[in-house]
Amino acid sequence: MRMLLRGAAALAAVVTVASLTSGAAAQPRTERAAGTIQSSAAAQIPPGVTAGVAVFDREAGTFTEQVNDSAQFRSASVVKLLLALDFLWNRGPDYVIPPADRARLETMLRGSDDDAADHYWSTYGGSAIIKRMLARPEVGLRDTAAPPAEYAGFWGYTALSARDTVAVYRYILEKAPAPVRTFIMDNLRRSTRCSTTDHFDQHFGIAGSFDRPWAVKQGWSGKYAKGTCGSQATPSATPAESGGVARAAAVDLTRPALHTTGTVGANDRTIVAVLTLHTVGTSYGKAYTDIGRLTRSLNVPGGVRPTGTWFGTWGELVNVRKGPSTGDERITRLPAGVEVLVGCQTRGEEVSVPPYTNDWWAYLPQYGGFISNIYISSPDNRLPNVPECA
């Protein structure tokens, strides 16, 4: 039951030769120079993905993207925003958050800690939290619903839409008391790459598509392999249930979900909510890649795209290291098949995966480390259109 309550965000990375599988080389996707944004006439939703999208430009006061924005999705860890708001509601301007609660809320908002969410859900009434938030007109929720009665203990089964997610952020930014706004948004700006509970890399979607400043609250739910994010995390062959799997409900509780929500740009200019469902059996790496491509296709005023070229990868648990050598410290691991942004490349230690060898290494600026080019989906040892590192 505890595992079924989980619903957060993720990624990871080392390759065992036995697990390597060949795949078609992906075409590199080159972004425009930093500081420019390519507008899209409509969100580009990858095949097999069901999405609800809402992008709201606070400066202009208008939506720039709306796709199925009222459709209900199970919230996964995005509901943690409501748990935090409910706890802080009507506490008064002089309220001091007790140390134990501050620690829980910080890890819940930054690292998507599930134990903290369990605490607030069980302590403050479970589904009653959602009903209280629905009864607050200043928040303006329209599509949100408590989990089905038969799953009342599953906070990740709360129903949420993209437009309601935008409404939550608008409340926090525009109506919430200043201490509440500052506390929540500062923690979302400090989102950790690795989730606290299960070591998933949660810097997908918004966090991978735009340079800072951004603030994010991510979510996932479904059967994904366990996370291996971080230098100490150990991969597991046992699949993890994150958010649970159920067969019959008004909201789809079966397909794997991955959500990216938050703000982009100076002064939190644009609110972005991208909620997605993927085909049963989709790997975390593919879902991560698909939501990244979708998010990068959006018209997000004030957003700055990172420079570099996007490439697919192959192999499982590829190590990201501090330098271009297998002897350098491991930073984290990549999930199988995830797409990565390459900033430059350099020669380093020769890596061999018979019948191939390669001494070129790619620098991944979003990780601050290198992977061997042998694990990048490109036909040549040296990546095309990628400069050498200075």
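See the structure printed just above.
Residues numbered from 1 in each chain as written. Predicted model: local features only at pLDDT ≥ 70, side-chain atom pairs only at ≥ 80, totals over all residues. Heavy atoms only, no water.

1. Focus on the packing of helix H2 (residues 80-88) against helix H4 (residues 114-123)
Logical step 1: Direction vectors running N to C along H2 and H4 enclose 50 degrees, while the axes themselves pass 10 Å from each other. Here H2 is positioned oblique relative to H4, judged by the angle of their axes. Remark: the crossing between H2 and H4 carries left-handed chirality. Residue-level inspection shows Lys80, Leu83 and Phe87 of H2 in contact with H4, the latter providing Asp114, Ala117, Tyr120 and Trp121.
Logical step 2: Of the residues in the contact of H2 with H4, the class split is 5 nonpolar, no polar and 2 charged. (Axes fitted to C-alpha atoms, helices over the stretch in contact; angles between N-to-C directions. Helix = DSSP H or I, 4+ residues; strand = E, 2+ residues; numbered from the N terminus. Parallel < 35°, antiparallel > 145°, perpendicular 65-115°, else oblique. Left-handed = near helix turned anticlockwise from the far one by under 90°. Contact = heavy atoms within 4.5 Å. Nonpolar A, V, L, I, M, F, W, Y, C, P; charged D, E, K, R; others polar.)

2. Observations regarding the pattern of salt bridges
Logical step 1: Counted according to the given criterion, the structure contains 21 salt bridges.
Logical step 2: Across the pair Asp186 and Arg189 runs a salt bridge whose closest N-O atoms are separated by 3.8 Å. Pair noted here: Asp186 and Arg189 are both in helix H7 (residues 178-189), with a separation of 3 residues, about one helical turn.
Logical step 3: Arg189 sits in the partly exposed class, given a relative accessible area of 31%. (Salt bridge = Lys/Arg side-chain N within 4 Å of Asp/Glu carboxyl O. Buried < 20%, exposed > 50% of the residue type's maximum accessible area, 1.4 Å probe, protein only.)

3. Re helix H5 (residues 127-134)
Logical step 1: Three or more residues of H5 are buried, namely Ser127, Ile129, Ile130 and Met133. The buried residues of H5 occupy an angular sector of 155 degrees when projected down its axis, which confines them to one face.
Logical step 2: Against the buried residues of H5 lie H2 and H4. (Arc of directions from axis to C-beta.)

4. Here we look at the environment of Phe204
Logical step 1: With respect to the element layout, Phe204 can be found in the loop between H7 and helix H8 (206-209).
Logical step 2: Separated by 85 residues in sequence, Phe204 and Thr289 place their C-alpha atoms 8.1 Å apart.

5. Comments concerning the environment of Asp201
Logical step 1: Position of Asp201 among the secondary structure elements: in the loop between H7 and H8.
Logical step 2: Between the C-alpha atom of Asp201 and that of Gly227, which follows or precedes it by 26 residues, the distance is 7.2 Å.
Logical step 3: At 2.5 Å, the side chain of Asp201 forms a polar contact with the side chain of Arg193. (Polar contact = N/O pair within 3.5 Å; in protein donor to acceptor, adjacent residues only side chain to side chain.)

6. Some thoughts on the packing of aromatic side chains
Logical step 1: Counted under the stated rule, the structure contains 17 aromatic pairs.
Logical step 2: Taking the centre distance of 5.4 Å and the plane angle of 80 degrees together, the rings of Tyr151 and Phe154 count as edge-to-face.
Logical step 3: Consider the rings of Phe204 and Tyr288, whose centres lie 5.7 Å apart with planes at 65 degrees: the pair is edge-to-face. With Phe204 in the loop between H7 and H8 and Tyr288 in helix H9 (residues 284-296), this residue pair connects regions lying 84 residues apart in the sequence. The pair Phe204 / Tyr288 is uniform in exposure class, with both members buried.
Logical step 4: Of the aromatic side chains, those joined through ring pairs into one cluster are Phe200, Phe204, Trp220, Tyr224, Tyr284 and Tyr288.
Logical step 5: For Arg212, the ring lying beneath its charged end belongs to Trp214, and the centroid distance is 3.9 Å.
Logical step 6: The cationic tip of Arg382 hangs over the ring face of Trp360; the distance from NZ or CZ to the ring centre is 5.2 Å. (Phe/Tyr/Trp six-rings, centres within 6.5 Å; stacked < 30°, edge-to-face > 60°. Lys NZ or Arg CZ within 6 Å of the ring centre and 35° of its normal.)

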